[in-house]
Each structure stands twice: as C-alpha cells, then as structure tokens.
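Residues per chain, in single letters:
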Amino acid sequence: MNYSTNEMMTVAASRRLGNSSVCFVGIGLPSKAANLARLTHAPDVVLIYESGPIGAKPSVLPLSIGDGELAETADTVVPTGEIFRYWLQGGRIDVGFLGAAQVDKYGNINTTVIGDYYQPKVRLPGAGGAPEIAGSAKQVLIILKQSHRTFVDKLAFITSVGFGDGGDHRKRLGLPGDGPVAIITDLCIMGPEQGTNEFVVTSLHPGVTREQVIENTGWEIRFAVNVATTEAPRAEELEALRALEARTAAAHGQTGGDE
Amino acid sequence: MAELLSLNQAVERFVSNGDTVALEGFTHLIPTAAAHEIIRQDRKDLTLVRMTPDLVYDLLIGAGCAKKLVFSWGGNPGVGSLHRLRDAVEKQWPQPLEIEEHSHADLANAYVAGASGLPFAVLRAYLGSDVPKVNPMIKFIDCPFTGETLAAVPSVRPDVTVIHAQKADRKGNVLIAGILGVQKEAALAAKRCIVTVEEIVDDLQAPMNACVLPTWALTAVCVVPGGARPSYAHGYYERDNRFYQQWDLIARNRNTFTAWVDEFIRGTEDFSAFQAKLAAQQEAK
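Because the structure is predicted, anything quoted here is derived from the model rather than measured.

**Student:** Any details on the overall build of chain B? Residues and values, ideally.
**Tutor:** Tallying secondary structure elements over chain B gives 10 helices and 15 strands in all. On C-alpha atoms alone, chain B measures out to a radius of gyration of 19 Å, which is about the 19 Å that the 2.2 N^0.38 rule sets for 285 residues. Over its C-alpha atoms, taken along the principal directions, chain B stretches across nearly 65 × 50 × 30 Å. Counting all 285 residues of chain B, 54% fall into the buried class. In chain B, the proportion of contacts linking residues at least 24 apart, taken out of those at least 6 apart, comes to 74%.

Structure follows, in structure tokens:
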C-alpha cells in the first residue's frame, strides 16, 4: 500500500507504545498515534488525558483535550488537579507522549515563544501539561514533523526539559523520569546517544536519505553507528489509521489536528 | 445561600472593575455567557485567571476588559492561535496585557491551594525549565524533611469565580457532571462564586459522590441555557467545533473582531438574544 510521510510518522510512533503501558497523551499527533496503538497492537494501553479521563477509548480523535467522548469512554473521570497530583506526580505514568513546536538536540521542548520572550516574534500557546509530563513520566516520546524551523540548534525558550545541556544534566536537575527515549518524525526516528544524551538518527524511514535529514535539521545531526530502516506501515496499520481519520472527519468536519 | 439571579444582575453586583476573575471550565462547560455579560457591562482592568484562556478570554482581552492574564495554555484547541491574545502580547492591542504564565500542573495545584485556604501550593515541577525565569511568582523551596527541591507557587484566590454547570435545584445547589477540570477548586478558592446553569430542577438526583456544590458555598446561580456554547455541556449539547474554526477568522483581524463584538455582544440584550442573532446569521449563510 502507498502511504504518506505523515502516516509513516504516526505508525512509527504508535509502535513505541506497549500493550501494558499507561500513557499520558497530548492532543494532536500524540493522541492520534496513541489511539492508533490502542486500535492495533496495544488494545489494553491505558490512555490518560490531562482534562481528567483515565482509560479513554474514543472512537474518533478528540479535537480538544476535553472532548465529551473521552469522558464517556473512560474507566473514570477525575478532576484535572488529581490527574496532575496523584497520577502524574504520583509516579503512575509509564509514557508521556508529547508534541512540540520546536525541539533541540537534547530533546528539550519549546512551546512558549519564538524570538525574545518580552518582544516575541511568535507567541505560542505555552506550557500546558508538558513540563511536568516531561519531568515525571517514566519515559517520554516526542512526535513532530521535521524541518529547519522545528529542529533547532538553540531553543529560544526551554518550556519542557529533555536532557537539559546533555550528559547527566537531567539527573543532576533531579527530574524523576528517565526523559525522552525517542523523537519520531516524518523522516526518521532519533534516540539519545549513550553518555551524551544527544539525539542521533537510529532509523530512517523507507526511501528517506541521510541528506534529507541533514537538510531538515537545524543542528549538525549525527547518525548512530547502525542506522536501521523503519519498517514500512503494514496494511492493517494503514487501514486502522485511515478508518480512524475518516471517522474523525465525519464526526468533526475536520481531521483532528496535526499540530 | 446562593441567590437565584439573572446573569445581568449577578455580574452587575458581583464583578467589579479591577477584580481578579476566574472563568473556569476545562474545554467543557466554559462560561461563555458570563464573558459576554462582562463585556456588555464594560468591566475594565480585570486580572483574568484561567488555565486555558480559550475564546472567552480572547474576547475579553480584545474587548479591552483585561489588564493582566494568568494562564497555562493559550491556544484555540484543534484550530491554532488565539489572535486577540497574541495581538495583545505581541502588539499591545487594544492595550498592553501583563501576562503571568504557569503550567497546567502548577495552576491546578494553585487552585487546590486556594480552595484549601493555603497561601501557596507545592509541587514537583520546573527544574531546568525557563518558565520560572519569566514568572517571578514561581519559587523553589527545599522540602524540610527530605531536602528535595520543589516548586512553590502562590495559591489562586479570585475575587470572583464564574463557572457553568448542568443544573441547580431551587435552593441553588449545583450539580456538575463529566469533565470537571478545576471548577470545584476555582469555585471554593474564590471570595464570590457565580454559577450559570442549563436548568433549574426540583431534584438534582445526584448520585452518591457526584460533584455537587452546596448552595451555601455559592453567591449566585443564574439560569442561562446554552451558556457554555460554543463549548459543550455534557448531556445537553455538543461542542460546536465549527464555531471554533469560524472564530479564527473573526478574531484574526482587529476590525472584524470589533465589528463582531459590537454587533453580536454589545448589540444584543442578553445571551439568549445573542444566540438567536447568531443562529439567524448562520442560517443565512
């Protein structure tokens, strides 16, 4: 089956979620990938949204983080304060699944501002739940489309911390979770290099060249010693993804957000 | 005991210029009608507190009611930017807007602390993040027992909180169902609390452990059917996703925005007149 680079990205990200994982889901691409995982290889994955649903099983993708269907299909709905206090800070989240406006080589995330904070070029939405998800989830997955503008050498603003300045900086800061374990893009998958915790390319999606990745990265991206080729989306993965998107479009009149 | 009032009366009596105001509701039950009424009554210099400013604060900021915004995520969910918020921050239009930004976990904890009568909240947050560098209200403290570095943020104690809920009984007890966000905490953290509801019923028929705000903890209850549109009220109506998309076009341009506010909000007597006017316009399209 033919597939788009966006479909490859979503499928690759969904494969990173295990069936027994408890996953704190951001809206947009993370929500799409997490629900695809639930509809394919990980039917028992527990999806938690910051608005309060625990164990949400939506049939269409939510447009907002608090859509009614998340509550209706959840095992329980708790207050937002409880989500952050008991379930995230309490250490019960295996995987935090985040999008980003920009990311740097140590997996730090900017969702606050481009340019100077007080004279912003572009004012972005801000932190939302991400800083504490990035801090307290046992592992973090980051999904975003790759370009010079999104993969930058130096972030104007670190909203949510990956590995800080690299090496053992995250540990020295005292953040409880292990930090980001993968950045999944429409071109490749990156992982933190042992020791430096700098993100390097570990897998190229089929047909993508190293030059393409270099061109679309704002720092001097390095490649792991052994770079794999990502398995192309399987028919059942693509069918499940397209059916999910079709149901979403029919329900909302739009696709569920790719930002 | 909460008084059963019209929304017009409640805003007139309980929202003053210069107040710190929290209109809460996390995607669900956003008190839109109350935001409109605050614009109609031309309140000024408000400090607005809300985790997700959403369309309600885009409106209040663009209409010139706000001097400061305390928030944790300022976007149009599923659509993109809040243009009035951005214009105020980037270009100081219609006036400069002071912003104080937090994360969701931080503000949620700050509401819990406010409802608990505490001066500050403590949480594990912000280590290595730049957010505390631009928000001096975020401090770090050492745990007196373990030495761990934790974040401390002042509690949120609004002069007035406004929330929307499904129903109230004739005494003014309020039932909230579905996604609760921080509504209970915001209500109990405030000096005064106004609740708009879809309907008044004889008996709430609240299940045990349901989220019920007792009348004696509230200031005013106002019946405003549809008062959370274009957000949703679980069991009553769904989120109007198309309006969130339309808002992008209305709010993108200063003139379009101001004309819309003049026609649909300042040009209508109350929220039901607004809804009738908007419905007529949508039908004509």
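**Student:** So what's going on with helix α9 (residues 254–266) of chain B? Which residues, and what values?
**Tutor:** All names here are of chain B. Along α9, the positions that sit buried rather than exposed are Phe 257, Trp 260 and Val 261. Buried residues of α9, seen end-on, are gathered within an arc of 100° and therefore sit on one face of the element. Opposite the buried face of α9, by more than 90 degrees, sit the exposed residues Asn 255 and Asp 262. Of the surrounding elements, those touching the buried residues of α9 are α2 (32–40), α3 (54–62), α4 (83–91) and α8 (241–252).

**Student:** If you had to explain the pairing of strand β9 (residues 120–123) of chain A to someone new, which residues and values would you point to?
**Tutor:** Residues and elements named next belong to chain A. Pairing of strand β8 (residues 113–115) with β9, which is carried by three bridges, proceeds in the antiparallel orientation. Residue Gly 115 lies in a different strand from β9, and its bridge partner there is Pro 120. In this structure, the hairpin formed by β8 and β9 is closed by a connection of four residues.

**Student:** So, the confidence of the model for chain B: which residues are in play, and what are the values?
**Tutor:** Residues with a pLDDT of 70 or more make up 100% of chain B, whose mean pLDDT is 97. At the level of chain-chain contacts, confidence expressed as ipTM amounts to 0.96, with global pTM at 0.97.

**Student:** Quick one: what's the story with the sheet that holds strand β9 (residues 139–142) of chain B, residue by residue and with numbers?
**Tutor:** All names here are of chain B. Reading across from one edge, β8-β10-β9 is the order of the three strands in this open sheet, with antiparallel pairing throughout. Looking at which strands have only one partner, the edges of the open sheet turn out to be β8 (120–123) and β9. For this sheet the average axis-to-axis angle between neighbouring strands, irrespective of direction, equals 40°. Pairing analysis gives four bridges linking β9 to strand β10 (residues 149–154), with the strands arranged antiparallel. What sits directly across from Lys 139, in β10, is Ala 152. Here helix α5 (residues 104–115) sits on the sheet and contacts β8 and β10; the angle it forms with β8, its principal contact strand, is near 135°.

**Student:** Could you give me a rundown of the environment of Ser 51 of chain A, with the residues and numbers involved?
**Tutor:** Topologically, Ser 51 of chain A is positioned in the loop between β2 (46–49) and β3 (53–54). Spatially, the C-alpha atoms of Ser 51 of chain A and Arg 234 of chain A are 33 Å apart, while their sequence positions differ by 183 residues. Ignoring sequence-local partners within four residues, the contact set of Ser 51 of chain A consists of Ile 65, Gly 66, Leu 70 and Thr 80 of chain A together with Phe 26, Thr 27, Ile 179 and Gly 181 of chain B.

**Student:** Hey, could you go over the interface of chain B and chain A for me, with residue numbers and the actual values?
**Tutor:** Contacts between chain B and chain A engage 45 residues on the former and 43 residues on the latter. Taken together, the residues of the side of chain B that touches chain A break down into 19 nonpolar, 16 polar and 10 charged.

**Student:** Please provide a residue-by-residue account of the domain arrangement of chain B, values included.
**Tutor:** How big an interface is tends to be stated in terms of the accessible area lost upon association of its parts. Domain assignment breaks chain B into domain 1 (3–102 + 157–284) and domain 2 (120–154). Computed from C-alpha coordinates alone, the two centres of domain 1 of chain B and domain 2 of chain B are separated by 30 Å.

**Student:** Residues and numbers for the packing of helix α1 (residues 7–14) of chain B against α2 of chain B, please.
**Tutor:** Residues and elements named next belong to chain B. As a packed pair, α1 and α2 sit with axes 10 Å apart at the nearest point and diverge in direction by 60°. Between α1 and α2, the angle is such that the two are oblique. The chirality of how α1 crosses α2 is right-handed. Residues Leu 7, Asn 8 and Val 11 of α1 form the contact with α2, whose own contacting residues are Ala 33, Ala 34, Glu 37 and Ile 38. In terms of residue class, the contact of α1 with α2 is built from five nonpolar, one polar and one charged.

**Student:** Can you tell me about the nonpolar core, naming the residues and giving the values?
**Tutor:** In terms of nonpolar packing, the biggest core is built from 167 residues, with Cys 23 and Ile 142 of chain A together with Leu 60, Tyr 111, Ile 194 and Val 195 of chain B touching the most fellow members. In terms of residue count, the dominant contributor to this core is α5 of chain B (eight residues). Counting contributing residues per domain, this core is built from domain 1 (3–102 + 157–284) and domain 2 (120–154) of chain B, each supplying no fewer than three. Among all residues touching Ile 142 of chain A, those that are not within four sequence positions of it are Leu 98, Ala 100, Val 103, Gly 107, Ile 109, Pro 180 and Ile 183 of chain A.

**Student:** Go over the packing of helix α1 (residues 5–14) of chain A against helix α8 (residues 235–252) of chain A, please, and point to the residues and values.
**Tutor:** Describing two packed helices takes the angle between their axes plus the distance from one axis to the other. Residues and elements named next belong to chain A. For the pair α1 and α8, interaxial distance at closest approach is 11 Å and the crossing angle is 105°. As the angle between them shows, α1 and α8 are arranged roughly perpendicular. Along the contact surface, α1 presents Glu 7, Thr 10 and Val 11, while α8 presents Glu 237, Leu 238 and Leu 241.

About the criteria used
- Residues numbered from 1 in each chain as written.
- Chains lettered and ligands numbered in written order.
- Predicted model: local features only at pLDDT ≥ 70, side-chain atom pairs only at ≥ 80, totals over all residues.
- Helix = DSSP H or I, 4+ residues; strand = E, 2+ residues; numbered from the N terminus.
- Rg over C-alpha atoms; globule rule 2.2 N^0.38 Å.
- Buried ≥ 20, exposed ≤ 12 C-beta atoms within 10 Å, placed from the backbone.
- Contact = placed C-beta atoms within 7 Å.
- Arc of directions from axis to C-beta.
- Pairing = 2+ DSSP bridges.
- pLDDT = per-residue confidence, 0-100.
- Axes fitted to C-alpha atoms, helices over the stretch in contact; angles between N-to-C directions.
- Nonpolar A, V, L, I, M, F, W, Y, C, P; charged D, E, K, R; others polar.
- Domains from an automatic or database assignment.
- Parallel < 35°, antiparallel > 145°, perpendicular 65-115°, else oblique.
- Left-handed = near helix turned anticlockwise from the far one by under 90°.
- Core = buried A, V, L, I, M, F, W, Y, C linked by C-beta atoms within 7 Å.

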